[in-house]
Each structure stands twice: as structure tokens, then as C-alpha cells.
Amino acid sequence: MRRAAFVRVTAAGITAAALPPHTARAQANEIVDYVLTARPITFAPAPGVRVDAVAYDGMLPGPVLRVTHGQRVRVRYLNRTGEPTSVHWHGMILPNAMDGVVGITQPAVEPFGSFLYEFTPNPPGTRWYHDHANGSALMRGLFGVFVVEDPHEERADAEFVVVLHDVPQYRSMDAAMNGTSDAPMTDPLGSSEMRAMRPSDRMGDEVAYLAHCINGATYPKTAALPVKVGQRVRLRILNANQTQTRYVRLAGHRLRVTHADGNPLAQPLEVDALRIGVAERYDVWFEVLKPGAWLLQGISSDPLAFEQAVVVHTQGMEQATPEACSESLTGVDVFTYEKAAGVADGPFVDPAARVHKHFVIGGGEYGSGRWTLNGATWPQTEKIAVHPGDGVIVRFTNKTDMDHPMHLHGHVFEIIEIDGRALRRPLAKDVSLVRANGGTLTWHFHANSPPGRWLLHCHNQIHMMGGMMTEVTYAPSWKKIV
Ligand code: C2O
Ligand code: CU
């Protein structure tokens, strides 16, 4: 059965109340058709900031794609950017040929070409989509959120998609690729990034950012999130910055975190602030207990950081001065993997698994653009060969002076160890920050995805392009491909 459900939901998010159920929620078993067109645009999110960007359907971030779990989606992708691009469906388990990785799972969609992606989005949760063609189109705007609604989940009274992203200065991206950038670190006071810094550290890979956006605009131009007293509100938050970790707070509220990278936590966790690595997502809930106006903020020490804010207000409070958060994180209860999953007593013992792989994360010397796994850069990096059904353990040891958001395509893994300590409850994710200066982190997953070549890489775009990438390759075909 074919149905052209031309679903357009703005990047500013939707409220469940404002959205007639039939517009975004087709019946299960139906095919939801989307057409996604990537084009150059001029993006001017802040006074004095005008950049040549690329965007899906003229929107930056791209439109929120939304289906109910079980529905099939067919996305006709039209590349009108003038450069080779593709679309990767981040966090989805799908046929390998639909994964959208140029040079691995498909050829580039050429300028003025098109590609038909068709799959059944799985698992449910807050996923996203972005360019994966080895260029800079992702950093210049080709990304958006993909919500796969779980019909069995409790519905919020209002729901918003919140995308944090920052506008890079393009020249600094080139310098960062060579390891000679002089852009400053902008991590907030009291953050774990600041604590990991040593006096001798020189950060040649930092990108300079010209503007800090929420849903494609800067404060006070950001589109407010209207709520009502008594509502239970759900935010689906994505850090689409491609090099920096972001902290997020909502003034006057604690946040109940229910999902990490779209996957339900074993137990929800209440915190003051999120810490979101590149490409991570968190679903958080809060209750509106009284009338008011509060800022939801991306926290960093960049002097421009105040721009990364959006007002959450009740009816009649549109003009009120919103309550704000401090920019320091000292004494603030921040989400961590350890708090979410709990830490077991005693040392960590590796579980039995057929495949064990250890990667030392290295590189990043000042003046070098090399970022390595076991001393090698892509495509020379060691691959992980698996057979269908294998249990797989991947352990990282980070010898660099910064955290790395390590990501695996086509699978959901569980983090089972951090810095030598076992986690008590499962923490299912597709990106995980591996701590700087000797930090370790271990994934466990089953090779139960469709066979093929699944990338494993640092989601810091500078590091990925600098070589910090490998793949999980399913036998028997991997021998023929490699
Ligand atoms: Cu978000 Cu290789 O992907
Ligand atoms: Cu990295």
C-alpha cells in the first residue's frame, strides 16, 4: 500500500497538542514517503553572521522526519548542492546498503543526482540523519532529527525537538584539519573538559565558531517553546556540533533523563544539566509547575554562548524576562554514564565473547592532523571481523588529552565498563565519550545486524577525517571486500 504522506514538521519542533495526529502518524504497515532536497543556502543566524551553508529543504537543521515504529520509510534524496553528498541514518539498524556511507555502502550521490533510501526505521527513539560523504557538508548544515515514535511509550503533553549546533568559521576547519588551529577551547568552568586540561596542552584541532544556535537561530530570535501549567514536557535534544561537547540546562528545573541516544535508560535519572557529546541525543522530561519563562541554554565559556538559548514559557509569559542559568558548572549535578547506569563494586571482569578488540586512541600532536586507532589512520586501521551472532567486546584506551565521541553504525551497544569499573545497569547507546588522559571504556554488542560493513569512528568530524575510523565487517563477505 502506498501513501504519499508528505510530512513537513518544522525544525523548531512540534507540540503534541498542535499536531493533528493524522499529519505525522500514518498507520503502521504504511509507507511514509519523504522527499529531501539538499541545496546551498545563505545562513544568517545572528547579527553580522552570514555564511554559505547547505541545507535540506532550505531548513537548517533539516526537517524533523517522524514515523511510528513499524512503519516503512522511503526517502527520495535529491542532491542539488553542487558537491557529492549522501544521507546517513544515524542510530538506525538497517540494511547495510541503506547506511549512506560514501565509498563503503554506496557511491556518492553526484551533484544533481538522486538516491532512493528505503528501510523500516529501527529501533524506536530519537535518531538523526546527516551527510556522510567525506566532505564538510555535515558541518555546513546537512543534518536533521529523525524521530521513530514508540507506540507503546507514555505520551508527553507537549514535545519539542531541540537541536544544538554552532556555525563554524570555515577557515578554522582547514587549520583544525592540519592541527594548527589557534581557536580557543570554550568549555565551561567546572566541566570535565576543563579538569582534563594540562598546562602543556595545545589544542590545534579546535574549530572557531561564529554563532551558537538552537533549532537554527540565536537568542533572542530562537522560536520559543510554549508550554502550559500542569504539562509534562518531553525534549528530544541533539548535539549537532561536530567538534564540541555541550552542556545543557533549563533554568528553574531539574531534567528527568529517560533515553540516551534514543534508547530507554534502565532507570530514569534526574539531573540539573546534561553533558552531550558530539552526535549524542538525550530525551528529558520536566513538569511545568507554575507560570513563568525560563531559558533552556547550551552552556560554554565562549563569549557568544549566551546566544545558544531558547525561552520556555507558559501562556501569557511571552514578554517576561526569562530566568537564566549561571555559566559555571561548579556544584551542578551533571548527567554522567556512571550516574545513569550505576557503578558496581569490585574490579571489572571482561565477559566471555567470541570477539575482543582493543583500540588505543591516539594522535593529535600539535601541527599534525593525524588521529589514530592503534597507531594507524583509516584505511590502514585494524578492522573488526565478526560472524553473525558473535558477541563482541570493544575496549578503548584514550591516550590523548581530550574526550572522543566514538560511534558505531548499524548497532546499539551497551557500555559495560568505564575507567576500570563495571556498570551495574545496561546503558544502550550508539555514541560514547571516552575520557581523556588514559580513560577506558568498553562496549558489548551482538553482531545481529544485517551483514555488511559498519563504520566505527570518532564523531568529531576533524578526527574522523584525520583517520580515527575503522569498521566492523561481517563474514563471510568481508574477505572479498577488503
Ligand atoms: Cu553520525 Cu558515521 O555517523
Ligand atoms: Cu575524536
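Residues numbered from 1 in each chain as written. Chains lettered and ligands numbered in written order. Predicted model: local features only at pLDDT ≥ 70, side-chain atom pairs only at ≥ 80, totals over all residues. Heavy atoms only, no water.

1. Comments concerning the packing of aromatic side chains
For any pair of aromatic rings, the description consists of the separation of the ring centres together with the inter-plane angle of the planes. For the structure shown, the criterion picks out twelve aromatic pairs. Considering the side-chain rings of Phe396 and Trp443, the 4.9 Å spacing of their centres and the 70° angle between planes classify their relative orientation as edge-to-face. A residue pair is termed long-range when its members are at least 10 positions apart, and Phe396 in strand β25 (residues 391–398) and Trp443 in strand β31 (residues 440–446) qualify at 47 residues. For Phe396, a relative accessible area of 0% translates into the label buried. Judged by its relative accessible area of 0%, Trp443 falls in the buried class. By way of ring pairs, the aromatic residues Tyr56, Tyr77, Trp89, Phe115, Tyr117, Phe119, Tyr129 and Phe146 are connected into one cluster. (Phe/Tyr/Trp six-rings, centres within 6.5 Å; stacked < 30°, edge-to-face > 60°. Helix = DSSP H or I, 4+ residues; strand = E, 2+ residues; numbered from the N terminus. Buried < 20%, exposed > 50% of the residue type's maximum accessible area, 1.4 Å probe, protein only.)

2. Some details on helix α2 (residues 170–178)
Within the sequence span of α2, burial applies to Ser172, Met173 and Ala176. Take α2 and look down its axis: the buried residues cluster within an arc of 110°, on one side only. Projecting away from the buried face of α2 at angles above 90 degrees are the exposed residues Arg171 and Asp174. Packing partners of the buried residues in α2 comprise β10 (158–168) and α5 (461–465). With its phi angle positive at about 75°, Gly179 sits one or two positions after the end of α2. (Arc of directions from axis to C-beta. Contact = heavy atoms within 4.5 Å.)

3. Some details on the pairing of strand β17 (residues 273–276)
Here β17 shows no split at all, with Ala273 and Arg275 on one side and Leu274 and Ile276 on the other all buried. Pairing between strand β14 (residues 246–250) and β17: four bridges, direction antiparallel. Residue pairing for β17: Val248 is matched across the bridge by Leu274. (Pairing = 2+ DSSP bridges.)

4. So, the side chain of Asn241
Along the polypeptide, Asn241 turns up in the loop between β13 (232–239) and β14. What makes Asn241 buried here is its relative accessible area of 0%. A polar atom in the side chain of Asn241 sits 2.7 Å from the side chain of Asp166. In this structure the side chain of Asn241 is engaged in a polar contact, spanning 2.7 Å, whose partner is the backbone nitrogen of Gln244. Leave out the neighbours within four places in its chain, and Asn241 touches Leu164, His165, Asp166, Tyr209, Arg246 and Val278. (Polar contact = N/O pair within 3.5 Å; in protein donor to acceptor, adjacent residues only side chain to side chain.)

5. Details of the confidence of the model for the protein
Mean pLDDT over the protein works out to 91, with 93% of the residues at or above the 70 mark. For the stretch residues 1–26, pLDDT sits under 50, and the model shows 59 contacts to residues farther than four places along the chain or on other chains. Below a pLDDT of 50 lies the segment residues 477–482, which in the model reaches three contacts outside its immediate sequence neighbourhood of four places, other chains included. (pLDDT = per-residue confidence, 0-100.)

6. Digging into the domain arrangement of the protein
Its domain assignment divides the protein into domain 1 (4–153), domain 2 (164–335) and domain 3 (355–480). With centres defined by C-alpha atoms, the gap from domain 2 to domain 3 works out at 26 Å. The interface of domain 2 with domain 3 comprises 32 residues on the first partner and 28 residues on the second. Both sides of the domain 2 and domain 3 interface together cover about 2,400 Å² of buried area, and 54% of this is carbon and sulfur. Among the residues of domain 2 in contact with domain 3, Met177, Arg202 and Asp205 are the three that bury the most area, contributing 21% of the side total. Our enumeration of links across domain 2 and domain 3 arrives at four salt bridges. For the pair domain 2 and domain 3, the number of links is twelve residue pairs in polar contact (both at pLDDT 80 or more). Of all the secondary-structure elements, those providing two or more residues to the side of domain 2 that touches domain 3 are α2, α3 (192–196), β16 (263–271) and β18 (281–287). Class assignment for the residues of the side of domain 2 that touches domain 3 results in twelve nonpolar, eleven polar and nine charged. (Domains from an automatic or database assignment. Buried area = accessible area lost by both parts, 1.4 Å probe. Salt bridge = Lys/Arg side-chain N within 4 Å of Asp/Glu carboxyl O. Nonpolar A, V, L, I, M, F, W, Y, C, P; charged D, E, K, R; others polar.)

7. Here's the deal with the sheet that holds strand β6 (residues 88–90)
One open sheet accounts for four strands, arranged β4-β9-β8-β6; its pairing is mixed. Each edge of the open sheet carries a strand with a single partner, namely β4 (65–68) and β6. The mean angle between the axes of side-by-side strands here comes to 25°, regardless of whether they run parallel or antiparallel. (Axes fitted to C-alpha atoms, helices over the stretch in contact; angles between N-to-C directions.)

8. Considerations on the coordination of the copper ion (ligand 2)
Tetrahedral coordination by four donors puts the ideal angle at the metal at 109.5 degrees, and octahedral coordination by six puts it at 90 or 180 degrees. At the metal site, the copper ion (ligand 2) is ligated by His404 (ND1), Cys458 (SG) and His463 (ND1), and these contacts range over 2.0 to 2.1 Å. Positions of the donor residues of the copper ion (ligand 2), expressed as sequence spacing, correspond to H-x53-C-x4-H. Taken individually, Cys458 and His463 each receive the classification buried, so the pair is uniform in this respect. (Donors = N, O, S within 2.8 Å, 3.2 Å for Na, K, Ca; no water.)

9. Considerations on unusual backbone geometry
A cis amide bond links Leu60 to the next residue, Pro61, at an omega of -5°. Along the chain, the position of Pro61 falls in the loop between β3 (49–56) and β4. A cis geometry characterises the amide bond from Trp378 onward to Pro379, with omega recorded as 5°. Relative to the elements of secondary structure, Pro379 occurs in the loop between β23 (371–373) and β24 (384–386). The phi angle at Asp57 is positive, at roughly 50°, despite the residue not being glycine. Looking at where Asp57 falls in the secondary structure, it is placed in the loop between β3 and β4. Despite not being glycine, Phe112 shows a phi value in the positive range, around 70°.

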